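Residues per chain are reported as follows:
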Amino acid sequence: MTLKLGIPKGSLEHATVDLFRRAGFNIATGSRSYFPSIDDPEIECMLIRAQEMARYVEDGVLDAGLTGRDWVQENEAQVETVADLIYAKQSFGKVRWVLAVPEASPFKSVHDLEGKIIATELVAATRRYLASNGVHAKVEFSWGATEVKPPVLADAIVEVTETGSSLRANNLRIIETVLESNTQLIANGASWADPWKRRKLEDIRMLLEGAINALGKVGLMLNVRNDDLPKVLAALPALKNPTVSPLSDGDWLAVNTILDESTVRSIIPRLKEAGAQGIVEYPLNKIVM
């Protein structure tokens, strides 16, 4: 038995393949193939655009796939959410679909767009958002390069952003957030009800979440004399609970802990001053809670 798994093609592809690598799965994609190889004989991969993933999972063409919550909502797909995976193309956070207008425009809220034209790829969700605010506007599907359409081809746009830099570069300002989204591992209802496939998906979920938990973290191990242990522990961040183990020499202890990678450069010198020796920093692939 195999699990048919959809990998998002496009902007999320590299981040997804890298996440799977950190989770222990090696996926090899080719520029001309839509069927990547994976070093797990129980999984068959297929590259599918994130915008279409939920539909193919709902229809059972795929047992499961990774896509944005935004596209699940856009397609109103009836699928099972196996896991929320907080990673995106550039960062490890959520993305936002925002309502944006030209810097020079007079529009300050969605209510100022009554009777106007809004360009977006997220048509259905935008229409629902307008309806919830009692606004009647024309929503046009945008095939791409949405940021360049205002003010000539549209009065406003609804576009996805992580940092807002692309919008600013095109002299656009955000006036409202339409919805927030993150990557999800979704499953077909019948596949989720199948015991073997559900167990396989739960294993994948655990490993992917472990890989995400390890992002931005490093391990630190060091040796310290018994008498210096209080000073070493004081140099570590508050609320951290390192593992302390005795060494063969009864006067020495081994300390292991996990830290934010961004803080290590300032902590290691303080640990050395406190009497730590043999300090080793090492990367982490997974932290399974």
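Details of the structure are given in the entry above.
Just so we're clear, the structure is a prediction, and the values are computed from it rather than from any experiment. (Residues numbered from 1 in each chain as written. Predicted model: local features only at pLDDT ≥ 70, side-chain atom pairs only at ≥ 80, totals over all residues. Heavy atoms only, no water.)

A. Structural view of the sheet that holds strand β1 (residues 3-9). Taken in spatial order, the five strands make up an open sheet running β4-β1-β5-β12-β6, and their pairing is mixed. What marks the edges here is a single partner per strand, and that holds for β4 (43-49) and β6 (80-85). Taken pair by pair, the neighbouring strands of this sheet meet at an average axis angle of 25°, ignoring direction. Sheet topology places strand β5 (residues 64-68) next to strand β12 (residues 183-187); five bridges connect them, and they run antiparallel. When the sheet's bridge partners are listed, Leu-66 is paired in β12 with Leu-185. The sheet strands contacting helix α1 (residues 13-23) are β1, β4 and β5, and the helix crosses β1 at an angle near 135°. In this fold helix α7 (residues 195-214) packs onto β1, β4, β5, β6 and β12, with an angle of close to 15° to the strand it touches most, β6. (Pairing = 2+ DSSP bridges. Helix = DSSP H or I, 4+ residues; strand = E, 2+ residues; numbered from the N terminus. Axes fitted to C-alpha atoms, helices over the stretch in contact; angles between N-to-C directions. Contact = heavy atoms within 4.5 Å.)

B. Fine view of helix α9 (residues 261-273). The sharpest bend along α9 reaches about 40° and sits at Ile-267, with the proline Pro-269 one to four residues further on. For α9, every residue scored as buried is listed here: Val-264, Ile-267 and Leu-271. Structurally, α9 contributes buried residues whose contacts are with β13 (217-225), α8 (229-235), β15 (252-260) and β16 (277-283). Gly-275 sits one or two positions beyond α9 and adopts a positive phi of about 110°. (Bend = angle between axes of the 7 residues up to and from the residue. Buried < 20%, exposed > 50% of the residue type's maximum accessible area, 1.4 Å probe, protein only.)

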